[in-house]
There are 2 protein chains.
Amino acid sequence: MAVYATATRSPQLLLVLSTLGLLAIGAPQPPNIVLLLMDDMGWGDLGVYGEPSRETPNLDRMAIEGMLFPNFYSANPLCSPSRAALLTGRLPIRNGFYTSNAHARNGMPPLTRHPAAYTPQEIMGGIPNSELLLPELLKKAGYTNKIVGKWHLGHRPQFHPLKHGFDEWFGSPNCHFGPYDNKVKPNIPVYRDWEMVGRFYEEFPINLKTGEANLTQIYLQEALDFIRTQHARQSPFFLYWAIDATHAPVYASRPFLGTSHRGRYGDAVREIDDSVGKILSLLQNLGISKNTFVFFTSDNGAALISAPKEGKFCFLSSGPSMQKVLQSMHSAVIDPGGSNGPFLCGKQTTFEGGMREPAIAWWPGHIAAGQVGGLAPVRMSRSRAGSVEECPCQSGTLLHGCLKGVLHLFQVSHQLGSIMDLFTTSLSLAGLNPPSDRVIDGLNLLPTMLQGHVMDRPIFYYRGNTLMAVTLGQYKAHFWTWTNSWEEFRQGIDFCPGQNISGVTTHTQEEHTELPLIFHLGRDPGERFPLSFASDEYQDALSRITPVVQQHQMSLVPGQPQLNVCNQAVMNWAPPGCEKLGKCLTPPESVPEKCSWPH
Amino acid sequence: MAVYATATRSPQLLLVLSTLGLLAIGAPQPPNIVLLLMDDMGWGDLGVYGEPSRETPNLDRMAIEGMLFPNFYSANPLCSPSRAALLTGRLPIRNGFYTSNAHARNGMPPLTRHPAAYTPQEIMGGIPNSELLLPELLKKAGYTNKIVGKWHLGHRPQFHPLKHGFDEWFGSPNCHFGPYDNKVKPNIPVYRDWEMVGRFYEEFPINLKTGEANLTQIYLQEALDFIRTQHARQSPFFLYWAIDATHAPVYASRPFLGTSHRGRYGDAVREIDDSVGKILSLLQNLGISKNTFVFFTSDNGAALISAPKEGKFCFLSSGPSMQKVLQSMHSAVIDPGGSNGPFLCGKQTTFEGGMREPAIAWWPGHIAAGQVGGLAPVRMSRSRAGSVEECPCQSGTLLHGCLKGVLHLFQVSHQLGSIMDLFTTSLSLAGLNPPSDRVIDGLNLLPTMLQGHVMDRPIFYYRGNTLMAVTLGQYKAHFWTWTNSWEEFRQGIDFCPGQNISGVTTHTQEEHTELPLIFHLGRDPGERFPLSFASDEYQDALSRITPVVQQHQMSLVPGQPQLNVCNQAVMNWAPPGCEKLGKCLTPPESVPEKCSWPH
């Protein structure tokens, strides 16, 4: 397929500097990098992505001042692998964030099956030392790196973020979802740098009844303080703001509780929107917005049910039947969670709802803002004479490539983007090249953001070590379809509540490797109408997809799987610093066992 | 419920003038009115409503320069009743655009059941003389009125639009969907004013194979010419631009064909977007944009399948099974149609996807544009001290009412709006009062648009003479649920392809009048999770909804049903003007019969 250009503005100077690697050596200071990574926030949760309540004025404004990516993907429908992919620029199958214990398993067991043994706290694995993380590399260009929020790349000592390139950390190694204020097993610790400073539900309260927690405000303050400090030090900085407020149990601070049209989930979104606004405002007030690249995205699709209010079921997407189950079990009320807009299913699945993410790039003075001046009708190079010859695009390409000169309200890039691109793009911003001794899946998006280039590239959708699907251009081919097992589904665990597409949202693992289901995502973003196998369009799409997949699979060297072995002894019983706080717990005997990942 | 104010700007001068009715008498000329009514376009079809391909820069810009209504409704999930409601300001149950032949019938039969007798061309009824239409009333304030496009309020002589207040007409009385280039029965005539000037598929070709038709360009030219002429005459004008390009069979003119990421449906949307841009630009170029109120909306939700390419099934929404049926019948390829975003089902249904519409108001200098200046974080009156007392809103109302001072990118009104409000609002713009001798359902939205007022009002969802559902505030109560019959559904006619919510998307008519299903549309816009009957929230919502419905039903006087009697003899065999063109056909014997409306 041809590389074609989209409707954007002229190249920017800095691109040249950056791609030549000039910034790092004696040249002007490289730009600061701020990656805002949400947790379980869906594509459809922002006003600018159509959320009907329209409660994200700051993110909407960020989009109009920057660039919107409607086709931006996570590297996995689950948080840990997605985050590992972001920080390594590599697919989870390469960096080890997958399981090979069973076929096509995400590596996230349901509470209903393992009520006492569900937690990632038990996981033995984590980010291998052999992986090169973005902050490690940025250090070489003089960056000071901070992670605020959820690490999730392993909680045992060797996996500590300060051993992998970060200079500072405020946050937790695991998800705040559990155990909930457990009196027997360890609550998740919160770290400042090397040592824990407390635990969720203890020193850092989350009120499961009211949904009140001050965590987003604390994370915001950490971000603002870090930015101010690094600005004063005149050090280029990398801030990885990986907050977890829209992951169940969903929380917000008191001023935001009850303020949304959307219930508690909306309260959390509004607090995040407000926080993003404050971060961007600080950059502007400090006069460093033009020297700070900011990117907003999420780790995976929205979990379509976020949590019962007295939540113990944080990671479950659930249908009405699950609602009944939970209500009878806990008298809890289910609050629907986030929105994946028009896309199919959500978190845990390799349908679009599981992996397509909200994505906004912001870099004033470099990424051109949308054109908000007077109204400008579309000028089409083909519209006057109705002649194809007038079109500067290659024959057969979309006219989209001919829309140069159109004043779009939003700068929109139809580039297929990946969370892994943030790795490569950040390196490019720092004037660094990605490591050459390994496969890097992330692309440098600067040519897209600054020059409007659109590069052909596949998006791979994995569950565990199984390639479930691939998207190339507008076509998505499913080689396997599966939501979860009938057994789970009948218990009420439903990753596609209200959605049911015969032969697509299957509850048995259906193989289509010989004859993949192919969808045209432009015409059919909801993956409802597979192309007819007999159509020319199907054959053409397949003939383009097949060699890309073959090439990928033939050259693939899977990493050592990190999500295979669990052990209760490795939980956060006694993290460093627990002595000072009197919060050490005694670990049980070490019994490594194969983790069970039922979906 | 309390009336609460939204986040908007200060009142505008003209509101005062207008509501006092000063404009009509000796005062400055009242504003021109342009209503842009789409046909089967869905809530999710615009970039500004989140459509992933983002191909509507002009409509997006219209939204940022005007006001966006995310909660705007049609008066019916089908075109004729919806249009009758717009022009009368009254529910179809009052103005007669319903059937009482069977329970809860929309009045639109499927081709599969009546292959030779499906068409609205057979309908005996139309807009009663007793109804007062918007253009009739506007004439009293000196307006010149033109309808461009689809009339659909009856095609027999007494229903002609020029007998109901319009001064000019270019367009057709029925839908272009059929019969398709029929050699035996009449193709739909196209009128200029009193006389037909040709027929679809004959003088006005629509190429069903390629999708090419020049109709939108013709309609655009009609609009531009009318605006220029009335401007030169210094006459206030009302333009009702009721084009039909996204109704199946979907068409676009050659320069737009093949230009969209979304297939032919997207081509049509892009041509419409371009046309709207040209209309707004003309208003600006003529210097009359500040004296022209423009409103963009659609007649009902998107039909979730728009048409087979060799379309004979234009009004069907269809699932994969229908796809198989059609493919086997016609070797046709199904193109998915429009998008209803995150909402449930589509056209024909009383779920949100059937009746929630895209809606944008534009009136530069009066409706304040969104704030596109520098980034401004949300200032919350409750956020500093965390104290509710600081909030100027009434206790218990959403903080939304406290967001005064926030710079929103979009001016968004959460007013529950109705297509019938365009009647009352237009009268207010003209300095006229609505008729006082009948019930008018439309509200005057000027206080909403100019002062940010939000008024409490119910939205009623009817099928035929059956009240299926009502929305009040954030709560929607379903008294009846039904998509269509099992018989139809098993034939592949599916108004909710890919969506299946047990007990909600029912294929038998399920009565819930005693205990309605209630959804919170803010938390659950997709109508997936009915509130628990036992919850306080349910009881509270029901106690507010019940008296509103009782009051509505007790005072309701249904109009004479217009969609009950069909007759092949009344089809467009020999419209006025056919003699000159040699296009008269001989009608069959008159045999009135009860219309059969199976869904």
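Residues numbered from 1 in each chain as written. Chains lettered and ligands numbered in written order. Predicted model: local features only at pLDDT ≥ 70, side-chain atom pairs only at ≥ 80, totals over all residues. Heavy atoms only, no water.

For the rest of this paragraph, the subject is the overall build of chain A. A tally of helices and strands in chain A yields 14 helices and 25 strands. For chain A, the proportion of its 599 residues judged to be buried stands at 68%. Considering only residue pairs separated by 6 or more positions, chain A has 74% of its internal contacts joining residues 24 or more positions apart. For chain A, the accessible surface area stands at approximately 18,600 Å², while carbon and sulfur atoms represent 53% of it. (Helix = DSSP H or I, 4+ residues; strand = E, 2+ residues; numbered from the N terminus. Buried < 20%, exposed > 50% of the residue type's maximum accessible area, 1.4 Å probe, protein only. Contact = heavy atoms within 4.5 Å. Areas by Shrake-Rupley, 256 points an atom, 1.4 Å probe, with all protein chains shown as cover.)

Our focus in this paragraph is the UniProt feature "glycosylation site" (unreviewed entry) in chain A. Under the feature "glycosylation site" (unreviewed entry), the UniProt entry names Asn214(A) and Asn500(A). In sequence the annotated residues extend across 287 residues, and in space they extend as well, their farthest C-alpha pair lying 38.2 Å apart. Topologically, Asn214(A) is positioned in the loop between β8 (195-199) and α6 (215-233). Look at Asn214(A) and you get partly exposed, because its relative accessible area is 44%. The topology assignment puts Asn500(A) in the loop between α12 (486-490) and β22 (510-511). Aside from chain neighbours lying at most four places away, what touches Asn500(A) is Thr505(A), Gly498(B), Gln499(B) and Asn500(B). (UniProt positions renumbered as here; feature names shortened; annotations may be inferred.)

Next up on the list: the environment of Ile545(B). All names here are of chain B. Counting through the fold element by element, Ile-545 comes out in helix α13 (residues 536-555). Ile-545 gets classed as buried once you look at its relative accessible area, which sits at 2%. Sequence separation of Ile-545 and His-160 is 385 residues, and the distance between their C-alpha atoms is 39 Å. Leaving out residues up to four positions away in the same chain, Ile-545 has contacts with Val-470, Leu-472, Tyr-475, Ala-477 and Phe-479.

Right, let's get into the pairing of strand β2 (residues 32-38) of chain A. Residues and elements named next belong to chain A. In terms of burial, β2 is a largely internal element, seven of the seven residues being buried. Bridging between β2 and strand β10 (residues 292-298) involves seven bridges; their strand directions are parallel. Of the residues in β10, the one forming a bridge with Met-38 is Ser-298. With four bridges joining them, β2 and strand β9 (residues 237-242) adopt parallel strand pairing. When the bridges of β9 are listed, Ile-33 appears paired with Phe-238. (Pairing = 2+ DSSP bridges.)

This part takes up the sheet that holds strand β18 (residues 459-463) of chain B. All names here are of chain B. Spatially, β18-β19-β20-β23 is the arrangement adopted by the four strands of the open sheet, whose pairing is antiparallel. Either end of the sheet is taken by a strand with one partner, and the two such strands are β18 and β23 (517-520). Averaged over all neighbouring strand pairs, the angle between strand axes comes to 20°, with direction disregarded. Relative to strand β19 (residues 466-472), α13 is tilted by about 125°, and along the sheet it contacts β18, β19, β20 (475-478) and β23. (Axes fitted to C-alpha atoms, helices over the stretch in contact; angles between N-to-C directions.)

Secondary-structure assignment places Glu593(B) in strand β25 (residues 593-594). Spatially, the C-alpha atom of Glu593(B) lies 27 Å from that of Phe200(B), the residues being 393 residues apart in sequence.

All names here are of chain A. Each neighbour pair has its own omega, and for Ala-248 with Pro-249 the value is -5°, a cis peptide bond. Inspection of the secondary structure puts Pro-249 in the loop between β9 and α7 (263-285). Located in the positive-phi region is Ala-104, a residue other than glycine, with phi close to 60°. The exposure class assigned to Ala-104 is buried, which follows from its relative accessible area of 1%.

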